[in-house]
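Remarks on the overall topology
One-letter residues, chain by chain:
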Amino acid sequence: MSNYSFFAMVNRMKMIDRWALMQNTTKENIAEHSHTVAVIAHALALIGNKEFAKNYYAERAAVLALYHDTTEVITGDMPTPVKYYNDEIKTVYKDIERIAGERLLNMLPEDYRIDYKPFFEKQEGDAELWKLVKAADKISALIKCIEETRMGNREFEIALKSQEKKIAEIALPEVKYFCDVFLPCYYQTLDEHTK
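Heads up: these notes are all about the structure in this document.

The next point concerns helix 9 (residues 157-168). With 12 residues, helix 9 should cover 16 Å at 1.5 Å per step; its first-to-last C-alpha distance of 17 Å lies within 8% of that length. Those residues of helix 9 that sit buried are A159, L160, Q163 and I167. Within helix 9, the buried residues cover an arc of 105° as seen down the axis, which keeps them to one side. The exposed set on the far side of helix 9, more than 90 degrees from its buried face, consists of I158, K161, K165 and A168. On its buried side, helix 9 packs onto helix 8 (127-150) and helix 10 (173-181).

Spelled out as structure tokens, the structure:
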């Protein structure tokens with residue numbers, strides 16, 4: 001029996017820090033970030049189903065979110081201002097991500113690759129779920145900005161306003177509902193949550 005390193009590589013997500021260009025009061029790695037995105041994507045799907053008569057597969061949204069940044073164990077986390085600086089860099093980076101995804105898939109036994117392929121090569125049937133994952137990713141970034149500014153870190157003030165604007169522009173009722181009902185609590189202290 002051969003050895004396959006896919007899961008050992010996925011485990012290394014905890015070693016890839018996010019927000020590398022920013023002074024952080026608390027470090028965040030892509031494993032922690034992916035967990036947060038999965039929780040929020042799952043919630044967005046449930047909100048869509050319960051509040052807006054959608055028919056999302058909430059558990060699949062969560063799993064897609066868990067793997068959404070996995071290629072960064074090979075590529076590292078490229079800061080957003082660099083990754084999206086212009087269309088040429090964005091296109092090259094997408095190609096690098098695709099190659100990293102192929103490398104990771106090849107670290108699995110052949111019979112398992114088809115099961116993990118949708119996490120690295122987006123399938124048409126998952127298009128609506130990927131929209132939720134992308135929205136959850138932005139909400140997660142906003143939450144990080146909220147946490148940092150609440151700790152007095154002025155480094156995140158502009159990023160906070162930018163993330164709030166990006167989220168306000170998302171045309172998904174699930175996102176608006178989450179922001180109206182759940183997001184305000186992220187601005188509160190622990191004592192305010194438990195009183």
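Overall, the coordinates contain 13 aromatic pairs when judged by the stated rule. Residues F7 and Y116 carry aromatic rings whose centres are separated by 5.9 Å and whose planes lie at 75° to one another, so their mutual orientation is edge-to-face. Of this pair, F7 sits in helix 1 (residues 6-11) while Y116 sits in helix 7 (residues 110-120); the two residues are 109 residues apart in sequence, bridging distant segments of the chain. A relative accessible area of 16% places Y116 in the buried class. Measuring from ring centre to ring centre gives 6.4 Å for F52 and Y177, while their planes differ by 85°; the resulting arrangement is edge-to-face. Here F52 is found in the loop between helix 2 (30-51) and helix 3 (58-67), whereas its partner Y177 is found in helix 10, with 125 residues between them in sequence. Over the ring of W130 we find K122; its NZ or CZ atom is 4.7 Å from the centre of that ring.

Every buried residue of helix 7 is accounted for by Y116, P118, F119 and F120. The inward-facing, buried residues of helix 7 contact helix 1, helix 3, helix 6 (87-105) and helix 8.

What follows deals with the environment of V82. By secondary structure assignment, the location of V82 is in helix 5 (residues 80-83). Judged by relative accessible area, V82 falls into the partly exposed class, the value being 37%. Linking V82 and L66, residues 16 residues apart in sequence, is a C-alpha distance of 24 Å.

Looking now at the packing of helix 2 against helix 10. When two helices pack together, their arrangement is captured by the angle between the axes and the distance separating the axes. It is the contact of helix 2 with helix 10, at a shortest axis distance of 9 Å, that shows an interaxial angle of 110°. Between helix 2 and helix 10, the angle is such that the two are roughly perpendicular. Where helix 2 abuts helix 10, its residues I40, A43, L44, I47, G48 and E51 lie against E174, V175, Y177 and F178. Looking at the contact of helix 2 with helix 10 residue by residue, the class counts come to 7 nonpolar, 1 polar and 2 charged.

Quick notes on the rules
Residues numbered from 1 in each chain as written. Predicted model: local features only at pLDDT ≥ 70, side-chain atom pairs only at ≥ 80, totals over all residues. Heavy atoms only, no water. Helix = DSSP H or I, 4+ residues; strand = E, 2+ residues; numbered from the N terminus. Expected span 1.5 Å × (residues − 1). Buried < 20%, exposed > 50% of the residue type's maximum accessible area, 1.4 Å probe, protein only. Arc of directions from axis to C-beta. Contact = heavy atoms within 4.5 Å. Phe/Tyr/Trp six-rings, centres within 6.5 Å; stacked < 30°, edge-to-face > 60°. Lys NZ or Arg CZ within 6 Å of the ring centre and 35° of its normal. Axes fitted to C-alpha atoms, helices over the stretch in contact; angles between N-to-C directions. Parallel < 35°, antiparallel > 145°, perpendicular 65-115°, else oblique. Nonpolar A, V, L, I, M, F, W, Y, C, P; charged D, E, K, R; others polar.

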